[in-house]
Amino acid sequence: MSGDGDNGGGIGGAAGDESRGDALRDRASRGDESRGEEPRGDEPKGGAGRAPAMEAVTGAEAVTVTEAVTVTEAGAGTEAATGTAARLQKLFEGHRLTPTQRRIAHCMVRRAADAPFLSSVELAELAGVSQPSVTRFAVALGFDGYPALRRHLREVAPAEKPGDTGSYNEYQQAVQAEIDNLRHLATALADPSPVIEAGRLFAASRPLPVLGLRAATAQAAGFTYFARKVHPDVRLLDEGGTMLADRVDAAVRAGASALLCFALPRHPREVVDALEYARTAGLTVVTVADSVFAPVAHHTDLLLPAPVGTGLAFDTACAPMLLGRVLLEAMCDALPDAQARLEEFDAKAAARGLFVE
């Protein structure tokens, strides 16, 4: 396990890459996505309904939202249950979006409470794309332009921006945002079948590699710590560099059939490459990510979304952590000897006086 503060190994950039603002108060200028996915600012301007040459994509590259992910938030069609984020998700479903347009969709879902109130320029800055790309995105969804899209969002969203209360300071607002994220996760878990399937895959994989780099290292390490109490062989992959592929190969040679990945913003390119390599090696990839539009979606067999908070200088990840614990529970349910292993550990811990409680 890496002992320094930058868990990315061979990934370029300093350890402070996860900080997305030169000033703590400058929230609007913070980018929500990985900056390596698409170039910015050099797209040729064109008509609102026409995609310029550099945005033209092949049939393999242009995918619908439902093709881009395996699992979406449960209950996305029930507007009252899931709120603005689910309404956005429903709006995007079935449309063939370019990589740039998926980035915009990703940003809007993550900033669902603000989306109906953002100008096209503000949304472009948040998504890290050009303003004309936002216009083309609205046209791709069937609107005359971005103003029409924003009017639609305001019609189906609450009349006032959620959280606009003078009684909460910025720290309280961050906590409230995380509470909303947990509520959204609870709604998604109304259909437990994806989590149950993931638990079955983890129980059957011997060994089970768990990948998490940079901001996601803590999530992967936490899962691994508890999983080792019930699973006979769990391998933490928390260091990047050229050794990462070697460790994936070693797990496959030892009999691994699945890989769990925690992928959080900003998404390291190395994680995307590692997942692509793992699937090529024959592993079934299960990923906990912040959004169904995350860059890892195309390299995942089973995507489990858990939103992160973006109100502070560094993202907060309560929902991904809790989803990791839920996956542990599902894995325990699929391991016939899980309870016996836990009881054995408790007996040994008591004999060694391991805990003071």
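Placed above this text is the structure.
Source: prediction; values computed, not measured.

Participant: Honestly, the overall build of the protein in this entry has me stumped. Any pointers?
Facilitator: Looking only at helices and strands, the protein has 13 helices and seven strands in total. Counting all 357 residues of the protein, 48% fall into the buried class.

Participant: I tried to follow the packing of helix α7 (residues 170–188) against helix α12 (residues 318–334) on my own but got confused; where do I start?
Facilitator: Describing two packed helices takes the angle between their axes plus the distance from one axis to the other. Across the interface, α7 lies against α12 with an axial gap of 9 Å and an inter-helix angle of 35 degrees. Considering only the axes of α7 and α12, their crossing is right-handed. Across from E178, N181, L182 and L185 in α7, the residues of α12 making contact are C318, A319, L322 and L323. For the contact of α7 with α12, the per-class residue count stands at six nonpolar, one polar and one charged.

Participant: Any chance you could explain the pairing of strand β4 (residues 234–237) here in plain terms?
Facilitator: Put simply, side chains in a regular strand alternate between the two faces of the sheet. Both strand β3 (residues 208–211) and β4 contribute to a ladder of four bridges, which runs parallel. What sits directly across from V210, in β4, is L236. In this fold, β3 hands off to helix α9 (residues 217–227), which returns the chain to β4; that crossover is right-handed.

Participant: What should I look at first to understand unusual backbone geometry in this one?
Facilitator: In terms of backbone geometry, most residues other than glycine have negative phi values and most peptide bonds are trans. Residues R206 and P207 are joined by a peptide bond in cis, for which omega reads 5 degrees. Looking at the element boundaries, P207 is found in the loop between α8 (193–204) and β3. Each neighbour pair has its own omega, and for P265 with R266 the value is -10 degrees, a cis peptide bond. Within the secondary structure layout, R266 lies in the loop between β5 (258–263) and α11 (269–280). Phi is positive for R214, close to 55 degrees, though the residue is something other than glycine. Residue classification places R214 among the buried residues on the basis of a relative accessible area of 8%.

Participant: What should I look at first to understand the nonpolar core in this one?
Facilitator: For soluble globular proteins, nonpolar side chains are generally found buried alongside one another. In this structure, F92, M108, F137, L149 and L211 are the most contacted members of the largest nonpolar core, which totals 51 residues. Excluding anything up to four places from it in sequence, M108 contacts L88, F92, A115, L123, F137, L149 and L153. One finds F202, A216, V286 and A330 within the second-largest nonpolar core, a separate group that totals 35 residues.

Participant: Any chance you could explain the packing of aromatic side chains here in plain terms?
Facilitator: Aromatic rings considered in pairs are described by the distance between their centres and by the relative angle of their planes. By the definition in use, this model includes six aromatic pairs. Note on F202 and F223: the rings are 6.0 Å apart at their centroids and 75 degrees apart in plane angle, and the pair reads as edge-to-face. Of this pair, F202 sits in helix α8 while F223 sits in helix α9, placing them 21 residues apart in sequence. Each member of the pair, F202 as well as F223, is classed as buried. Three or more aromatic residues joined by ring pairs make a cluster, and in this case those are F92, F137 and F293.

Participant: How should I be thinking about the sheet that holds strand β7 (residues 302–305) in this particular structure?
Facilitator: The pairing of strands in a sheet happens through backbone hydrogen bonds and is either parallel or antiparallel. The sheet built from five strands is open, its strands ordered β4-β3-β5-β6-β7 with parallel pairing. What marks the edges here is a single partner per strand, and that holds for β4 and β7. For this sheet, the mean inter-axis angle between neighbouring strands, taken without regard to orientation, is 20 degrees. Bridge count between β5 and strand β6 (residues 284–289): six bridges; the pairing is parallel. Residue pairing in the sheet places L260 in a bridge with V286 of β6. Where α8 meets the sheet, it contacts β3, β5, β6 and β7, and its direction lies at approximately 125 degrees from that of β7.

Participant: Can you help me understand the packing of α8 against α12 in this one?
Facilitator: Where α8 meets α12, the closest approach of the two axes is 7 Å, and the angle between their N-to-C directions is 60 degrees. Classified by the angle their axes make, α8 and α12 are oblique. Considering only the axes of α8 and α12, their crossing is right-handed. Together, V195, I196, A198, G199, R200, F202 and A203 of α8 and L323, V326, L327, A330, M331 and A334 of α12 make up the contact between the two elements. Residue composition of the contact of α8 with α12, grouped by class: eleven nonpolar, one polar and one charged.

Participant: I would appreciate a short explanation of the pattern of salt bridges in the present structure.
Facilitator: If the charged atoms of two oppositely charged side chains come close together, the side chains can form a pair. For the structure shown, the criterion picks out six salt bridges. For the salt bridge of D301 with R279, the shortest nitrogen-to-oxygen distance reads 2.9 Å. Linking D301 in the loop between β6 and β7 with R279 in helix α11, this pair joins segments that are 22 residues apart in sequence. Of the residues examined, R279 reaches a relative accessible area of 32% and is grouped as partly exposed.

Participant: Whenever I open this one, the environment of A281 confuses me. Can you help?
Facilitator: Mapped onto the elements of the fold, A281 is located in the loop between α11 and β6. Residue classification places A281 among the partly exposed positions, given a relative accessible area of 28%. Taking the C-alpha atoms as reference points, A281 and V252, separated by 29 residues in sequence, lie 7.3 Å from one another.

Participant: Mind showing me how you'd approach the environment of A140 here?
Facilitator: With respect to the element layout, A140 can be found in helix α5 (residues 131–140). Each C-alpha atom, one on A140 and one on R96, is 8.0 Å from the other, the two residues being 44 residues apart in sequence. Once residues lying within four places of it in the same chain are set aside, the contact partners of A140 are H95 and Q101.

So, how was this worked out
Residues numbered from 1 in each chain as written. Predicted model: local features only at pLDDT ≥ 70, side-chain atom pairs only at ≥ 80, totals over all residues. Heavy atoms only, no water. Helix = DSSP H or I, 4+ residues; strand = E, 2+ residues; numbered from the N terminus. Buried < 20%, exposed > 50% of the residue type's maximum accessible area, 1.4 Å probe, protein only. Axes fitted to C-alpha atoms, helices over the stretch in contact; angles between N-to-C directions. Left-handed = near helix turned anticlockwise from the far one by under 90°. Contact = heavy atoms within 4.5 Å. Nonpolar A, V, L, I, M, F, W, Y, C, P; charged D, E, K, R; others polar. Pairing = 2+ DSSP bridges. Right-handed = clockwise from strand over helix to strand, strands pointing away. Core = buried A, V, L, I, M, F, W, Y, C linked by side-chain atoms within 4.5 Å. Phe/Tyr/Trp six-rings, centres within 6.5 Å; stacked < 30°, edge-to-face > 60°. Parallel < 35°, antiparallel > 145°, perpendicular 65-115°, else oblique. Salt bridge = Lys/Arg side-chain N within 4 Å of Asp/Glu carboxyl O.

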